[in-house]
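Reading the structure
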Amino acid sequence: MIAHLDAVELEALLKDFHLLTGIKIAVFDTEGNELIACPSSHCPFCEKMQRTPHCRQKCMESNRQSFQHCQKTGHMIIYHCHAGLVEATAPLVDNGMVIGYIMFGQITDAKDEEALNTLIRAAFERYGLPPTDFPRSRPGITKKSTEQIQAAARILEACTFYVLFKRLMYARRQNFAKNLDTYLKSRLEEDLTADQIAADFHISRSKLYASCEKYLGMGIAAYLKNLRLTRAKELLLQSDLTVSQIALKTGFSDCNYFCRVFKKETGLSARKYRTVYS
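Overview of the structure. Keep in mind that what you see is a predicted model, and the values were worked out from it rather than measured.

So, about a nonpolar patch on the surface. There is a patch of nonpolar side chains on the surface, built from Leu 237, Val 276 and Tyr 277 and spanning about 270 Å² of accessible area. Looking at the element boundaries, Val 276 is found in helix 12 (residues 270-277).

Listed below in structure tokens is the structure:
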């Protein structure tokens, strides 16, 4: 279900969050699969964990526990992962259903360098990692105060609202386009006006114009013309109707006007189009 989100806009949002906070952020689907992350790479410490099978399992389990909490409560959770780093996970809830998760992490609330080094050494000892790898694993862990972590968490929640808003806009765009398509295609033969269409959709004419521009990227007249020409092409190739009959069936009362519009849009006359593509 989260697949309906705009990946380009979502990636831009994650980049903005990372640019503002310096914290890694990622989006997961309901199965726990990472969809988008910024940055895409892990810090050296977490990279070491991810490359060690039993540590990777611990990382995945830590993620699952946070997802389960979000699934159960519907709220964000801030916690320390199995390795001692700070993470936060927020659910993406749409119509009462969790459709994915946003998580930030790979940061520490250790009070100083010594405390951070102690944390990393403890993780190395706990999981039997080579002590010689410790120096290379130290860089890249961002230190944040409790206040900064709380502020980042509030921004994270704002991100979830933004993501769901964009999803809602996508759904509305899809519904509007689908409903308008169905309505117009069933009335292509009629002499439709913007006032009539607006009245049948129970909206003002200005709202109809605005909705078409917003959700379809063009005005109602251009959209209707495109539908009529598409239907005319189908009839030219799939029926034995004359050009005059097809013009009438697609809402063009004047056959000569239909022929001019058709040739302007396709580069071919209606008869030539039928010959070339039949």
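That shown, we press on.
Let's shift gears to the pairing of strand 1 (residues 24-28). Successive side chains on a regular strand alternate, one facing one side of the sheet and the next facing the other. Counting buried positions along strand 1 gives five out of five residues, so the element sits mostly inside the fold. Note: strand 1 against strand 5 (residues 97-108), five bridges, orientation antiparallel. In the sheet register, Lys 24 faces strand 5, and the bridge partner there is Gly 105. Alignment of strand 1 against strand 2 (residues 34-38), held across four bridges, turns out to be antiparallel. Residue pairing for strand 2: Val 27 is matched across the bridge by Ile 36. Where strand 1 hands over to strand 2, the hairpin turn is made up of five residues, of which Gly 32 adopts a positive phi near 85°.

Let us look at the packing of helix 9 (residues 220-238) against helix 11 (residues 255-266). Relative orientation and spacing of two packed helices are given, respectively, by the angle between their axes and the distance between those axes. At a closest axis distance of 11 Å, the pairing of helix 9 and helix 11 adopts a crossing angle of 95°. Accordingly, the angle class assigned to the pair helix 9 and helix 11 is roughly perpendicular. Only Phe 258, Val 261, Phe 262, Glu 265 and Thr 266 of helix 11 make contact with helix 9, whose side of the interface consists of Lys 225, Leu 229, Ala 232, Lys 233 and Leu 236.

Moving on: helix 9. Between its first and last C-alpha atoms helix 9 spans 27 Å; for 19 residues at 1.5 Å apiece the expected length is 27 Å, and the two agree. Burial in helix 9 covers these residues: Ile 220, Tyr 223, Leu 224, Leu 227, Arg 228, Leu 229, Ala 232, Leu 235 and Leu 236.

Before going further, it helps to examine unusual backbone geometry. Cis peptide bonds are those with omega within 30 degrees of zero, and the linkage from Cys 38 to Pro 39 qualifies with -5°. With respect to the helices and strands, the residue Pro 39 is situated in the loop between strand 2 and helix 2 (44-51). Phi angles above zero are rare outside glycine, and Gln 106 is one such case at about 60°. Position of Gln 106 relative to the elements: it lies in strand 5. The residue His 202 is not glycine, and still its phi comes out positive at about 60°. The class for His 202 is exposed, based on a relative accessible area of 73%.

The rules behind these values
Residues numbered from 1 in each chain as written. Predicted model: local features only at pLDDT ≥ 70, side-chain atom pairs only at ≥ 80, totals over all residues. Heavy atoms only, no water. Patch = residues over 30% accessible without salt bridge, like charges linked within 9 Å, V, L, I, M, F, W, Y side chains within 5 Å. Areas by Shrake-Rupley, 256 points an atom, 1.4 Å probe, with all protein chains shown as cover. Salt bridge = Lys/Arg side-chain N within 4 Å of Asp/Glu carboxyl O. Helix = DSSP H or I, 4+ residues; strand = E, 2+ residues; numbered from the N terminus. Buried < 20%, exposed > 50% of the residue type's maximum accessible area, 1.4 Å probe, protein only. Pairing = 2+ DSSP bridges. Axes fitted to C-alpha atoms, helices over the stretch in contact; angles between N-to-C directions. Parallel < 35°, antiparallel > 145°, perpendicular 65-115°, else oblique. Contact = heavy atoms within 4.5 Å. Expected span 1.5 Å × (residues − 1).

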